[in-house]
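Summary of the model geometry
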Amino acid sequence: ERRLGDSLQAFLARGAGMPTKTMQQAMITSALNDLVDEEVLLVKAKEMGIEIPDVEVSAAIEQTVKEVSARYPNQAAFRQALAGAGYGTPEDYRRTMTTSYRRNQLIQRLIRRLYEEKKIPSVVVPESRIQEEFGVSRTAVREAIRVLSAKGLTASRPKIGTRVRPTVDWNM
């Protein structure tokens, strides 16, 4: 439910107004597909024995809570903001963030391991496919690729296409 609400908020923040019924259905379907994909990855991570130590999770969450609460003038304002966002208490917020952090880390580590074991092949994507998928001009695609390449995220090969580089090469 939170993901659907976040998607809707992002949509409204772009000034697009309330989505049509068809768009709402597409958002729900997309969110559900993402959840299924995540669950499959989490099961695979468990099968491969990938774990996130509780100490790491606790430290990351405490740091996050500290940073977020520091944005507010006092604890009362922080609690009010949490309640307004649907988290309830700071402890409810910690629980939600703990679950989210652990899931994200498990998925990232699974993908990293699969990539390192060469179980995820590098895929080359032609510019024409990107143009078609996003409905943008060749110039826009080339500019986006240039920016991504400058950050080390992609590598382009003339007459072949663009591939995503390993995360260890990213300059982020």
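Residues numbered from 1 in each chain as written. Predicted model: local features only at pLDDT ≥ 70, side-chain atom pairs only at ≥ 80, totals over all residues. Heavy atoms only, no water.

Glancing now at the packing of aromatic side chains. On inspection of all chains with the given rule, the structure shows three aromatic pairs. Seen in terms of ring centroids, Y87 and Y93 are 4.9 Å apart; in terms of plane orientation they differ by 80 degrees. Their pairing is edge-to-face. One exposure class covers both Y87 and Y93, and it is buried. An aromatic cluster is present here, built from Y72, F78, Y87 and Y93 joined pairwise through their rings. (Phe/Tyr/Trp six-rings, centres within 6.5 Å; stacked < 30°, edge-to-face > 60°. Buried < 20%, exposed > 50% of the residue type's maximum accessible area, 1.4 Å probe, protein only.)

We now examine the pattern of salt bridges. Inspection of the entire model under this criterion finds 12 salt bridges. Of the charged contacts, one joins R103 and E38 as a salt bridge, the two residues approaching to 2.8 Å between their closest N and O atoms. Of this pair, R103 sits in helix α5 (residues 90-116) while E38 sits in helix α2 (residues 21-47), and the two are 65 residues apart along the sequence. A salt bridge links R103 to E39, with the nearest nitrogen and oxygen atoms 2.8 Å apart. Taken as a pair, R103 in helix α5 and E39 in helix α2 lie far apart in primary sequence, 64 residues in all. Within the structure, one salt-bridge network assembled from shared partners comprises E38, E39 and R103. (Salt bridge = Lys/Arg side-chain N within 4 Å of Asp/Glu carboxyl O. Helix = DSSP H or I, 4+ residues; strand = E, 2+ residues; numbered from the N terminus.)

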